[in-house]
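# Descriptive structure summary
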Amino acid sequence: MAASLLEDVAQATAGLVWRPRQGGFWLLGTTPGAARDTLALFESMGWPARLLLFPADIAVLEAALAGDAAPSALPAAATPGLIGIEERAEGMPAGTGQSLATIWRWQAGSPKLLAQRWMVEAEALPTPPGRDWAGHAHGLLASRLLEQAARLGWPAARKHKWPLLLDMPWMPPPRSLPAPPPGVWPGGCGHALVLPLPAAAEAGAWVALAAAHGWQLAWAGLTPALAHLATPQRLPGRLFFAEYNPLVASAAWPAPECLVLQGGEGREALDFAAKHGSSLCSRVC
């Protein structure tokens, strides 16, 4: 019942109900008034609840994000040879190897939820040790995700009030794409295809294909050495994803407001994002 009540508030205020691995429920990105009213309702029903105030309580969110992001270990016996990767990808149950993540940034001292990213979890398809075949695994999983979007539609947990970003595989531009979900967000990030940086060699073709089917573009895999590309004037896209690390924080990003940091839910990444107006990508759906 608590989850249902929170979901109703989230839908009405473009917020998000997050269910971390540690248990419990979080209502994120809602309005202050709705948060206070929900807290009062829970207290009247005798349910324990807490109202977090940002930035004072940022350490609480930081700890919860860090705990939820802890990867699960894969047994060594689960690692197939390269020849078996395709067969394993083909035999994976629907929905395996993918997740919904949330794009958000600090705004006026509170987390502002901007979009969701339907992304692949490349670690779900392990590759042989000693070889850099993660890109191949990512491409196989993203191809499955694209097929699922075309045949079965969008994930049930998608928030209809937010744009959706869709991971694309390492491949040449296809002849067609599934139409994006309904919704238009003028002046902001609309529905976008998240392309791996090597696809920039065919950026012109991707721009035409995306525009013809109602998508924008975003780019993943930016590194500090390529920070100068992270601007719509150099690469046609709204957002640019980079794995957070100290080198990323020290790079000169020409458009930090277009930068989205992944894998950095610690205090340093939060402080960097708040200071520069950048966003964060967290596996909070």
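Worth saying up front: this structure is predicted, and the values here are computed from it rather than measured.

About the criteria used
- Residues numbered from 1 in each chain as written.
- Predicted model: local features only at pLDDT ≥ 70, side-chain atom pairs only at ≥ 80, totals over all residues.
- Heavy atoms only, no water.
- Helix = DSSP H or I, 4+ residues; strand = E, 2+ residues; numbered from the N terminus.
- Buried < 20%, exposed > 50% of the residue type's maximum accessible area, 1.4 Å probe, protein only.
- Areas by Shrake-Rupley, 256 points an atom, 1.4 Å probe, with all protein chains shown as cover.
- Expected span 1.5 Å × (residues − 1).
- Arc of directions from axis to C-beta.
- Contact = heavy atoms within 4.5 Å.
- Polar contact = N/O pair within 3.5 Å; in protein donor to acceptor, adjacent residues only side chain to side chain.
- Pairing = 2+ DSSP bridges.
- Core = buried A, V, L, I, M, F, W, Y, C linked by side-chain atoms within 4.5 Å.
- pLDDT = per-residue confidence, 0-100.

### Quick look at the overall build of the protein chain
When you go through the protein chain residue by residue, the secondary structure sums to 8 helices and 10 strands. Evaluated residue by residue, the protein chain yields a buried proportion of 47% over its 285 residues. For the protein chain, the accessible area works out to roughly 13,900 Å², and carbon and sulfur atoms hold 59% of it.

### A word on helix H1 (residues 2–13)
With 12 residues, H1 ought to run about 16 Å at 1.5 Å a step, and its terminal C-alpha atoms sit 17 Å apart, in line with that. Among all positions of H1, only Ala-2, Ala-3, Leu-6, Glu-7, Val-9 and Ala-10 are buried. Buried residues along H1 cover an arc of 165° about the axis, so they all sit on one side. Seen from the buried face of H1, the exposed residues on the opposite side, beyond 90 degrees, are Asp-8 and Ala-12. Check the buried side of H1 and you find it contacts strand S1 (16–18), strand S2 (26–28) and helix H2 (32–44).

### Section: the side chain of Thr-231
By secondary structure assignment, the location of Thr-231 is in the loop between strand S7 (216–222) and strand S8 (239–243). A distance of 2.4 Å separates the side chain of Thr-231 from the side chain of Gln-233, its partner in a polar contact. The contacts of Thr-231, once residues within four sequence positions are left out, are Phe-240, Pro-254 and Ala-255.

### Considering the pairing of S7
Counting buried residues along S7, 5 of its 7 residues qualify, which places the element largely inside the surrounding structure. Bridge count for strand S6 (residues 192–196) against S7 is 5 bridges, and the pairing is parallel. The residue of S7 that forms the bridge with Pro-196 is Ala-220. Note that S7 and S8 share 4 bridges and pair parallel.

### Details of the nonpolar core
Among the nonpolar cores identified, the biggest contains 59 residues, and Leu-61, Leu-193, Trp-219, Leu-222 and Trp-253 are the most heavily contacted of them. In terms of residues, this core owes the most to one element, helix H5 (residues 134–152), which gives 5 residues. Filtering out sequence-adjacent residues up to four positions away, Trp-219 remains in contact with Leu-195, Pro-196, Leu-197, Ala-199, Ala-200, Ala-203, Leu-235, Pro-236, Gly-237, Leu-239, Phe-240 and Phe-241.

### Observations concerning the environment of Ala-255
Summarising the element assignment, Ala-255 is placed in the loop between helix H7 (246–250) and strand S9 (259–262). Owing to a relative accessible area of 7%, Ala-255 belongs among the buried residues under this scheme. Those residues in contact with Ala-255 that sit more than four places away from it in its chain are Ala-230 and Thr-231.

### Quick word on the side chain of Lys-159
Inspection of the secondary structure puts Lys-159 in the loop between H5 and strand S5 (164–167). A residue is classified by how much of its surface remains accessible, and Lys-159, at 8% relative accessible area, is buried. Those residues in contact with Lys-159, other than ones at most four positions away along the chain, are Glu-7, Gln-11, Gly-15, Leu-16 and Gln-116.

### Brief notes about the confidence of the model for the protein chain
Looking at the protein chain, the pLDDT average stands at 81 and 83% of residues meet or exceed 70. Predicted confidence for residues 72–83 stays below pLDDT 50, and this span has 17 contacts to residues more than four positions away or in other chains.

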